[in-house]
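Coordinates in review
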Amino acid sequence: MPIPPSAQAARLSWLPHALHSAVTATPHDVASNAPIHDHRSMRSALRKPSLHVFALNVLLAGAGAALLLASSGAAAQRLTPDPLTPEALRVYEPRETASRDLTRRDARLLTMRGVRLPNALPSYPSLARWEAHADSVRRQILVATGLWPMPPRTPLNPGVFGRIQREGYSIEKVYLETHPNFFLGGNLYRPTGRTGPFPAIISPHGHFDAGRLVNTEVASVPALAANMARQGHVVFTYDMVGYADTKQVGHRFASDATSQLWSINLLGLQLWNSIRVLEFVRSLPDVDTSRVGMSGASGGATQVFLLTALDTVGAVKATAPVNMISAEMQGGDLCENAPGLRFGTFNVEIAALSAPRPLLMVSTSGDWTARTPIREFPMMRSLYRLYGAEDRVSNAHFDFPHNSNRASREAVYPWFARAFLGDTSAARYLEQPVTVERDRDVLVFLHQMVIDRNLTFADLPAGSFTPPPRQIDEAGLKAYLRDLAVRQLAGAWPSSAASLESFRRLYGPAIRTVVAARLPGKTESSLRGTTPGRGYTIERWVVARAEESDWIPAVWLRPASTGRVATIVLDDEGKAGLASPGNAELVRGLLAAGQSVLAPDLFKIGEHVLPAGTKTDRDEQAPHFSTYNRTDTQERVQDVLTTIAFLRDQGVQRINLLGAADAGVWALLAAATAGDALGRVAIYQMDGRSEDPAEALRYLVPGLFKAGGLPAAAALAAPTPLLVAGADTAFAGLSVRGAYAAAGAPSAYQRSPSAAPEHILRWLTTP
């Protein structure tokens, strides 16, 4: 029934005061410190009827009355939104879901990459394209292994002792303090009867039981080292963690879930050891630093190409990784995998980061390098060709099982003779017999070899080893690395414009890399249908990054009269969460203020699931899953960025973001990576998620704490206006407001101890 003019006038008589009260009142205005109603959290306030809900009703009634000036009573009734029922928010029809025609369009739900998943061999049309990708891969290695920011190069305090003299070479025992109180064991082989300085070869071993002391027909590290020393090289062999003398921690170091948050992992520890080994070898007075190379087999080869990839100054001049570079198998051990290490890349590309330095690829028919001559080697040559260095990469292929045998070693000897000794006569560098020492004569700390790589000094009888000069166990080493990350973040925290730029250069790439999501340049979308409502229309969409097939369902609520402002509402329950009482009130307030509302079902939420019985290869319990595949939270942040890009492509001029609890985490991480694409951001009910590892494991983003965590994400969002509502997010005591002040926008960051809904609305509707 139309409202009589007298009734309309009566309503309009109190409209100005109601609109002013509803739109400008806040539960806690940070600038004015106005009194507020006390609510435990925004979520609880939103889910229950309250005076704030009444205020929102006043807002909606007032907005409706304003439009009555220019419309009929029937138009006024259309301003009252229909109930947001779950059924009204469905994108897919039941028959579509049952037939699996649409949900299968998100390839992420159906497939996964893994240690043995064959990789396509990409090509790069230009050196610029390759080097841009190479920089990204290099950064990814550093972040995944916990080496961004890099740990301090504390004193190595090397111990070199126990010299054994043999014909043409000597052997010494060596220990290095690679982290404070953590010691790496090895052996140093030097030429005798010659005058240096000499070229040097760094030789990490593979997964052979005896480690650097293995001496069988399949592999012999001492034979390689002694022969190369006789040929005129200084050679340093050293342990994997848990092998031989390096037993303060075992080979399953930091395999717990919490360590993932800090990027503390076995691969990172071994790679750091290799970095310090390079430093040690270059410091030796009898080494020519212009001639330093690396060679290792299997897991040792992994260390070769990872260290060379990070060596941007070219300290490593030539390499010969043996039986490891493959597109088909990436290394199945903990020390070859770390979360995020191989997102969008694989070992062939990582090894190619050595270009244009000389590289010998040794391969064999009996393992995963069987097709190297026809697959991996041609790809490597194409990448070297970009540098005009095609002649610097070579392949030596044999017919054996996986090995580091004499044939493989005899391919390595002449390679380094040509690179470092200027001798092209391969026949002169055949392997000669050598005396292989007794284990106890070359071990550094152990009195006899202990094969079990997971046993530590703490597990061994006291009389079976000589303790390192100082001791640290696994708990102590992990605590040191965690504390180091905290100190590095605090030391880099921005307090001025200059320090903000430095902070962004250091922690911006770290956050972007661990989040593993980016704002797409272009999106694809399909409008599935519309449902008219009272004063707004529900549009049902599926949205994806262009050419990525990662389709997500979303509903877009668009008022009849709207500007170019939209708010993305994120909820742990997806778009169905709009039907909850609290969210419904927020949506009504946003619509009444002329904003549209987009609510997506992010990865594995709501309708973004596979129908029962759909065949999928995705197995999140597979070994090293997170080395090759993004976690749910990482995928969800990508979906948030995709929806932002979708609204941008639809012509929306200002895009806001709202999220609570885990959805607040997604919103904040998206804000940190979205650049200037966002208007305003509001997060609430974080419940200690910025600091509590137990909470963080629920929304797992490996490496997030090492990369600065949610505090760094908030600081990197500056100067995007950010409201943190509720008093339960301490941000580790770091001043996010200080970071915003450094960005020249101190008032753009607001904290409120209360999360009352009208405060959120005021924040999101402020121009």
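These figures come from a predicted structure and were not determined experimentally.

1. What to know about the overall build of the protein
Check the secondary structure of the protein and you find 25 helices and 18 strands. The buried share of the protein, taken over its 767 residues, is 59%. Sequence separation of 24 or more characterises 75% of the internal contacts of the protein that already satisfy a separation of 6 or more. Working note: accessible area of the protein is about 28,900 Å², and carbon and sulfur atoms make up 53% of it.

2. Considerations on helix α10 (residues 266–283)
With 18 residues, α10 extends 26 Å from end C-alpha to end C-alpha; this agrees with the ideal 26 Å at 1.5 Å per step. Taken across its 18 residues, α10 has 15 buried, putting it largely inside the fold.

3. Topic: the side chain of Arg545
Here Arg545 lies in strand β11 (residues 536–545). Given a relative accessible area of 18%, Arg545 falls into the buried group. Within the structure, Arg545 has its side chain in polar contact with the side chain of Asp550 (distance 2.6 Å). Beyond its immediate chain neighbours, meaning those up to four positions away, Arg545 contacts Pro520, Lys522, Thr523, Glu524, Asp550, Gln638 and Thr642.

4. A short note on the pattern of salt bridges
Tallying each qualifying case throughout the model produces 40 salt bridges. Of the charged contacts in the structure, one is a salt bridge between Arg212 and Asp239, with a shortest N-O distance of 2.7 Å. Pair noted here: Arg212 is in the loop between β4 (198–204) and α8 (221–231) and Asp239 is in the loop between β5 (234–238) and α9 (257–261), with a separation of 27 residues, a long-range link. Asp239 shares its class with Arg212; the two are buried. Here the salt bridges share partners, and the residues they tie into one network are Lys604, Arg618, Glu620, Asp632 and Arg636.

5. What to know about unusual backbone geometry
In the segment running from Gly196 into Pro197, the intervening peptide bond is cis, with an omega of 5°. Note that Pro197 resides in the loop between β3 (182–191) and β4. At the junction of Ala718 and Pro719, the peptide bond is cis and its omega measures out at 10° in the coordinates. With respect to the helices, strands and loops of the structure, Pro719 is situated in the loop between α23 (709–717) and β17 (722–725). Positive phi is not limited to glycine here, since Glu547 has a value of about 65°. Residue position: Glu547 is located in the loop between β11 and β12 (552–559). Here Glu547 falls in the exposed class, since its relative accessible area comes to 75%. Even without being a glycine, His624 presents a positive backbone phi close to 60°.

6. Structural notes on the nonpolar core
Grouped together as the largest cluster of nonpolar side chains are 154 residues, with contacts concentrated most on Ile141 and Met380. In terms of residue count, α10 provides more of this core than any other element does, ten residues in total. Beyond its immediate sequence surroundings of up to four residues, Ile141 is in contact with Leu271, Leu306, Ala309, Leu310, Leu341, Ile350 and Leu353. Residues Tyr189, Val221, Phe420 and Tyr429 belong to the second largest nonpolar core, which totals 45 residues.

7. What to know about the environment of Thr614
If you trace the backbone, Thr614 turns up in the loop between β14 (596–600) and α19 (625–628). Note on Thr614: relative accessible area 14%, which makes it buried. For Thr614 and Leu110, which are 504 residues apart along the polypeptide, the C-alpha to C-alpha distance reads 8.6 Å.

8. A look at the sheet that holds strand β16 (residues 681–684)
The strand order β10-β11-β12-β14-β13-β15-β16-β17-β18 describes an open sheet built from nine strands, whose pairing is mixed. Two strands in the sheet have a free side with no partner beyond their single neighbour: β10 (523–532) and β18 (749–752). Between one strand and the next, the sheet's axes are offset by a mean angle of 20°, whatever the strand orientation. Both β12 and β14 contribute to a ladder of four bridges, which runs antiparallel. Looking at the pairing, Ala554 lines up with Pro600 of β14.

9. Observations regarding the side chain of Asp311
Looking at the element boundaries, Asp311 is found in the loop between α11 (299–310) and β7 (318–322). On the basis of relative accessibility, which here comes to 7%, the residue Asp311 falls in the buried class. There is a polar contact of 2.6 Å between the side chain of Asp311 and the backbone nitrogen of Val316. When residues no more than four places from it in sequence are discounted, the contact partners of Asp311 are Val316 and Arg357.

10. Quick word on the confidence of the model for the protein
As a note on interpretation, predicted positions should not be read in detail where pLDDT is low. For the protein, per-residue confidence averages 88 on the pLDDT scale, and residues scoring 70 or more make up 87% of the total. Across the protein, β5 holds the top mean pLDDT of 99, while helix α2 (residues 15–24) sits lowest at 31.

11. Considering α8
Most of α8 sits inside the fold, with ten of its eleven residues counted as buried. If you follow the buried residues of α8, they end up packed against β2 (169–179), β3, β4, β5 and α14 (406–421). Where α8 begins, the capping side chain belongs to Ser220, and its oxygen is found 3.1 Å from the backbone nitrogen of Ala223. In the segment just after α8, Gly232 is the residue with positive phi, at about 115°.

12. Looking at the sheet that holds β3
The strand order across the open sheet formed by nine strands is β1-β2-β3-β5-β4-β6-β7-β8-β9, and the pairing between neighbours is mixed. For this open sheet the edge positions go to β1 (159–166) and β9 (393–401), each flanked by a neighbour on one side alone. Between one strand axis and the next, the sheet turns by 20° as a mean value, whatever way the strands run. In the sheet, β2 pairs with β3 via ten bridges, with the strands oriented antiparallel. Bridge pairing in β3 places Val174 opposite Gly186. Here α8 sits on the sheet in contact with β2, β3, β4 and β5, set at roughly 45° to β3.

13. What to know about the environment of Pro468
Position of Pro468 relative to the elements: it lies in the loop between α15 (439–442) and α16 (474–492). Put simply, Pro468 and Phe457 are eleven residues apart on the chain and 9.7 Å apart in space, counted from C-alpha to C-alpha. When residues no more than four places from it in sequence are discounted, the contact partners of Pro468 are Phe183, Gln248, Phe445 and Phe457.

14. Overview of the packing of helix α21 (residues 661–673) against α23
Between two packed helices, the angle of one axis relative to the other and the distance separating the axes together describe the packing. Interaxial distance between α21 and α23 falls to 7 Å at its minimum, and their mutual angle equals 50°. Between α21 and α23, the interaxial angle falls into the category oblique. Judged by the sense of rotation from one axis to the other, the crossing of α21 with α23 is left-handed. For the pair α21 and α23, contact is made by Val665, Leu668, Leu669, Ala671 and Ala672 and by Leu710, Ala713, Ala714, Leu716 and Ala717, respectively.

15. Overview of the pairing of β2
Among the eleven residues of β2, eleven are classified as buried, and the element is accordingly described as predominantly covered. In this structure, β1 lies alongside β2, joined through six bridges in antiparallel fashion. Bridged to Arg166 within β2 is Tyr169. In sequence, β1 turns back onto β2 through a hairpin of two residues, with Gly168 there showing a positive phi of about 90°. Linkage of β2 to β3, two consecutive antiparallel strands, is achieved through a turn of two residues, within which Asn181 is found at a positive phi near 75°.

How each quantity is defined
- Residues numbered from 1 in each chain as written.
- Predicted model: local features only at pLDDT ≥ 70, side-chain atom pairs only at ≥ 80, totals over all residues.
- Heavy atoms only, no water.
- Helix = DSSP H or I, 4+ residues; strand = E, 2+ residues; numbered from the N terminus.
- Buried < 20%, exposed > 50% of the residue type's maximum accessible area, 1.4 Å probe, protein only.
- Contact = heavy atoms within 4.5 Å.
- Areas by Shrake-Rupley, 256 points an atom, 1.4 Å probe, with all protein chains shown as cover.
- Expected span 1.5 Å × (residues − 1).
- Polar contact = N/O pair within 3.5 Å; in protein donor to acceptor, adjacent residues only side chain to side chain.
- Salt bridge = Lys/Arg side-chain N within 4 Å of Asp/Glu carboxyl O.
- Core = buried A, V, L, I, M, F, W, Y, C linked by side-chain atoms within 4.5 Å.
- Pairing = 2+ DSSP bridges.
- Axes fitted to C-alpha atoms, helices over the stretch in contact; angles between N-to-C directions.
- pLDDT = per-residue confidence, 0-100.
- Parallel < 35°, antiparallel > 145°, perpendicular 65-115°, else oblique.
- Left-handed = near helix turned anticlockwise from the far one by under 90°.

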